[in-house]
Amino acid sequence: MEIFHVLYLNLFVFFTMFTAAVFGAADPYSEALLSLKSELVDDFNSLDDWFVPPGENPSGKVFACFWSGVKCNKNNTIVVGLNLSMKKLSGVLSGKQLSVFNDLVDFNISHNSFSGQLPVQIFNLTNLRSLDISRNNFSGHFPGGIPSLVNLVVLDAFSNSFSGPLRAEISQLEFLKVLNLAGSYFSGPIPSQFGSFKRLEFIHLAGNLLNGEIPPELGMLKTVTHMEIGYNFYQGKIPWQLGSMSEVQYLDIAGANLSGSIPKELSNLTKLESLFLFRNQLTGLIPWEFSRVTTLKSLDLSDNRLSGPIPESFSDLKNLRLLSLMYNEMSGTVPESLAQLPSLEILFIWNNFFSGSLPENLGRNSKLRWVDVSTNNFNGSIPPYICSGGVLFKLILFSNNFTGNLSQSLSNCPSLVRLRLEDNSFSGEIPLKFSHLSDINYIDLSRNKITGGIPPDISQASNLQYFNVSNNPKLGGTIPPQIWSLQNLQNFSASSCNITGSLPPFKSCKSISVIELHMNSLSGTIPETVSNCEELEVIDLANNKLFGSIPEKMAKLPILGVIDLSHNNLSGQIPAKFGNSSSLTVLNVSFNDISGSIPSAKALKMMASSAFAGNPKLCGAPLRPCPGSVAIFGSKSKGKLVLVLLLCAGVVIFVAAALLGIFFFRRGSKGQWKMVSFLGLPQFTANDILRSFNSTESTEGSESQAAVCKAVLPTGITVSVKKIEWGGNRLNVMSEFITRMGNARHKNLIRLLGFCYNKHQAYLLYDYLPNGNLAEKIRMKRDWAAKYNIVLGIARGLCFLHHDCFPAIPHGDLKSSNVVFDENMEPHLAEFGFKHLIQLAHGSVPAKVARRESGEFNNGIKEELHADVYGFGEIIFEVLTNGRLTSAGSSLKNKQSDGLVREICNENEVGSISSFQEEIKLVLDVAILCTRSIPSDRPSMEEALKLLSGLKPQRK
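Under an unreviewed UniProt entry, the name given to the protein is Leucine-rich repeat receptor-like protein kinase, and the source organism is Melia azedarach.

Quick look at the structure:
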């Protein structure tokens, strides 16, 4: 096909030249554009109107003036603009045709897939005012010679693959107003000459590999209104000179590795509307002088190490809409004056150490839309006016010490979509009027002291998907009879709530996937209509007073994976059809009055005997043999013969499977390849990626995972590559889960940049971090603060996977060799989710189950999350002891904690310094909690991180 394609292009060029020679009709502009067209790959025929009709051209007009994307002067005699944006074009531009376009003013080839180096001939277009090459894949160094574009006003090269240093000579463009070089791989420092622009209004350098200190000369940019220079790898502090940019309205230096305090001089930016400094390592207090920037609308200082309170002076920020201070080390109370801000819409202050009560008038003077104050030490009640603005759609207050009755204002909050109040000490009845909450889809009131039962009108919450009131021991009441009729309800959890009565009939339960009702006082039988719940994956009715038999039709539910009916009064037999279920992974009927034999299915035989214990009349594997059963083999000789036959059959099956695997591999390798890129990877084609694998270098591998190799992409980017194969019709579920992995972005996770795939295999492309892993560096001598930062970084990454991804992504293989370091020795979790991906590939997780995005975890996921927490505890032991203690969780059960602390202190050379000893003891306690033998006794990663975040280790 490639030969025919080349032949076609050659014939096309020949025909074009022949037409021009014979008829003499093609003008220089049209000839040049036809030549340009011959270089391009136009698979979608976007330029199909680019042709010269036969015959002469007596008018002398330019044919190209009537082609798409071409703009001419009024007489149609000169081409002044060329706009080929978003035409799905690709190829490499030679630039040889550009000499004709001396009068070109606008040149736009953005949103295509052009590659190779940017042709230097572009810089001969001296009348050019606007050059837009954004969202392509141009690579190599940005060419020299741009000062010749003396009239250039706009230079937009956003989202390409340029590398090397930024060209200081760009600063010679006297009339330049827009400079966008973001989203490539430029390295080195920002040239100090960039501070000499006289007319520049917009500068965007974010998302590169820039380093060094931010030049203070940027403060001389007196005309800039918009500056984005974050998402790079700078060193040092924010220059105080940036406070001199008198016209700036938007300043973004997020994710830039900056340290030190926030300079108070930024308060001189009196026209500033948006300030984004999140995801750095800034310390100290928030300058109270920020109150002078009364134009400020958005302030995001989250994910730093800021301390101290919210300045009282913030009451002067009357235009403030967004205040985000989450993920810091701030403390104190929230000023009452914050409630007086008339424009405040979004308040994010979660994961700090704030205490006291929330301002009484919060929400009274502004239209709050989203409030998240979770994971702090707040107490008191919910502010009574929190919903007064009528637009609050997310209220997140979990993991605090709130008390008292739930605010009545919540019953008059029709805009609510998400309500999370779990892990507090709220009491009283649930005041929600579900008939007024038509949009709400997520409610979590678990782990409180709520009473009064579940309101019966919950069935009117037509969009409710997730409802959890578990662990409210005095809730009481019954299950509302119409609960299963909610068309969108996926998760219903009301365990440990002292609920009585019977299970309502499952007349209509089309979407329910998780039902958790263990540790209640439910009685009656399990309704036969449970068979209507075809999306059911988990049903937990353990520790109730249910009687009767297990419904026969329950065994027919197509994706039911977990059934826990233990500790009830059920009788009768286990339905035989459970043995035919391909999705069932857990069936626990222990401590009932079940009788008969356990169905003879491999899945049931493989379950632990504890799942069937406490039923004296029950027999069969994995319990005792049933009376009257006979041996399979009548004699020793027959047994040996059958054993030999089984071994032979096994060999045959193995060989057949190997041949089948080779067949699928070859068929997959010949299939059509596609490429999916995530944020941070240019728009490569699948062929670009596959060609890069010719020079791959194997770097690592393990028995449970695909091998990892290193590859260099066409632009010079080095990536780690993992290959995975699958069989059957699993492409959709595999690509969906890989996409979830790719969208999981956190500073302590290694980035999945994209994947190249066909029907049966995929190559996953990750950031390549050459600084080694924790296992290799575990014996490296570090001070206590460095060790703490490693532990905290791992905890943050794991907490993000468990609690900020929806649904949660278990790491699955957490160990020291899967913790890798960047150039700043910041830990990144590698291999996350890959174990689950392998299970999907091998079909050990049903595709339909895997694609369910339920708000509550199923038991399989819970086990993986518990295992991750255990692995995290093991890593803490390794870090604290420089690798001396590995797999230490079980061996430390009987060891005195104080003795172990002394050993670790001696290894870390802190001697008898009490502050260090106390810190090490607290971290050690977290490790011991995480490695408890009973999974349910281990803390969640959210709880573990909260414990660790309370420390502020001192340096030696």
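Alright, that's what it looks like, and here's the rest.
1. Points about the overall build of the protein
Along the backbone of the protein there are 14 helices and 53 strands. Relative to its full complement of 956 residues, the protein shows a buried share of 54%. In the protein, once contacts between residues fewer than 6 apart in sequence are set aside, the share between residues at least 24 apart is 55%. Of the roughly 41000 Å² of accessible surface on the protein, 54% is carried by carbon and sulfur atoms.

2. Section: the pairing of strand β2 (residues 79–83)
Among the five residues of β2, four are classified as buried, and the element is accordingly described as predominantly covered. Where strand β1 (residues 70–72) folds back onto β2 in an antiparallel hairpin, the turn is made up of six residues, including Asn76, whose phi is positive at roughly 55°. In the sheet, β2 pairs with strand β4 (residues 106–108) via three bridges, with the strands oriented parallel. Bridged to Asn83 within β4 is Asn108.

3. Section: the state of the cysteines
One covalent bond between the sulfur atoms of two cysteine residues makes up a disulfide. Counting across every chain of the model gives four disulfides. Paired by a disulfide, Cys65 and Cys72 hold their sulfur atoms 1.9 Å apart. Where Cys65 bonds to Cys72 through sulfur, the torsion about that S-S bond is close to -95°, and the disulfide is left-handed. On the accessibility criterion, Cys65 (12% relative accessible area) is buried. Classification of Cys72 as buried rests on a relative accessible area of 14%. A disulfide bridge connects Cys387 with Cys413, and the sulfur atoms are separated by 2.2 Å. Given an S-S torsion of about -85°, the disulfide between Cys387 and Cys413 has left-handed geometry. In this pair, Cys387 sits in the loop between β27 (377–378) and β28 (394–396) while Cys413 sits in the loop between β29 (403–405) and β30 (418–420), placing the two residues 26 residues apart along the sequence.

4. Concerning the sheet that holds strand β25 (residues 353–356)
Spatially, six strands are ordered β17-β19-β21-β23-β25-β27 in an open sheet, and the strand pairing comes out parallel. The sheet is open, and its two borders are formed by β17 (259–260) and β27, each paired with just one other strand. Where β17 meets strand β19 (residues 281–284), two bridges bridge the pair, whose relative direction is parallel. In the strand pairing of β19, Gly260 is matched with Leu282.

5. Some points on the environment of Glu516
Within the secondary structure, Glu516 is located in strand β36 (residues 514–516). Owing to a relative accessible area of 3%, Glu516 belongs among the buried residues under this scheme. Separated by 22 residues in the primary sequence, Glu516 and Val538 have C-alpha atoms spaced 7.7 Å apart. Of note is the side chain of Glu516, whose polar atom sits 3.1 Å from the side chain of Ser493.

6. Regarding the environment of Phe426
In this structure, Phe426 sits in strand β31 (residues 425–428). Separated by 25 residues in the primary sequence, Phe426 and Thr451 have C-alpha atoms spaced 9.6 Å apart. Residues contacting Phe426, with those up to four places away along its chain left out, are Ile382, Phe402, Thr403, Gly404, Leu406, Leu421, Asn448, Lys449 and Ile450.

7. Brief notes about helix α9 (residues 834–842)
Every buried residue of α9 is accounted for by Phe834, His836, Leu837, Ile838, Leu840 and Ala841. Within two residues after α9, Gly843 carries a phi angle of roughly 80°, on the positive side.

8. Description of the packing of helix α8 (residues 784–804) against helix α14 (residues 941–949)
Look at α8 against α14: their axes get within 9 Å of each other, and the N-to-C directions meet at 150°. Taken together, the axis directions place α8 and α14 in an arrangement best described as roughly antiparallel. Two packed elements cross with a definite hand, and for α8 against α14 that hand is left-handed. Counted together, Tyr788, Val791, Leu792, Ala795, Arg796, Leu798, Cys799, His802 and His803 of α8 and Met941, Glu942, Leu945, Leu948 and Ser949 of α14 form the full contact between these two elements. Residues belonging to the contact of α8 with α14 are distributed by class as follows: nine nonpolar, three polar and two charged.

Cut-offs used in this document
Residues numbered from 1 in each chain as written. Predicted model: local features only at pLDDT ≥ 70, side-chain atom pairs only at ≥ 80, totals over all residues. Heavy atoms only, no water. Helix = DSSP H or I, 4+ residues; strand = E, 2+ residues; numbered from the N terminus. Buried < 20%, exposed > 50% of the residue type's maximum accessible area, 1.4 Å probe, protein only. Contact = heavy atoms within 4.5 Å. Areas by Shrake-Rupley, 256 points an atom, 1.4 Å probe, with all protein chains shown as cover. Pairing = 2+ DSSP bridges. Disulfide = S-S within 2.5 Å. Polar contact = N/O pair within 3.5 Å; in protein donor to acceptor, adjacent residues only side chain to side chain. Axes fitted to C-alpha atoms, helices over the stretch in contact; angles between N-to-C directions. Parallel < 35°, antiparallel > 145°, perpendicular 65-115°, else oblique. Left-handed = near helix turned anticlockwise from the far one by under 90°. Nonpolar A, V, L, I, M, F, W, Y, C, P; charged D, E, K, R; others polar.

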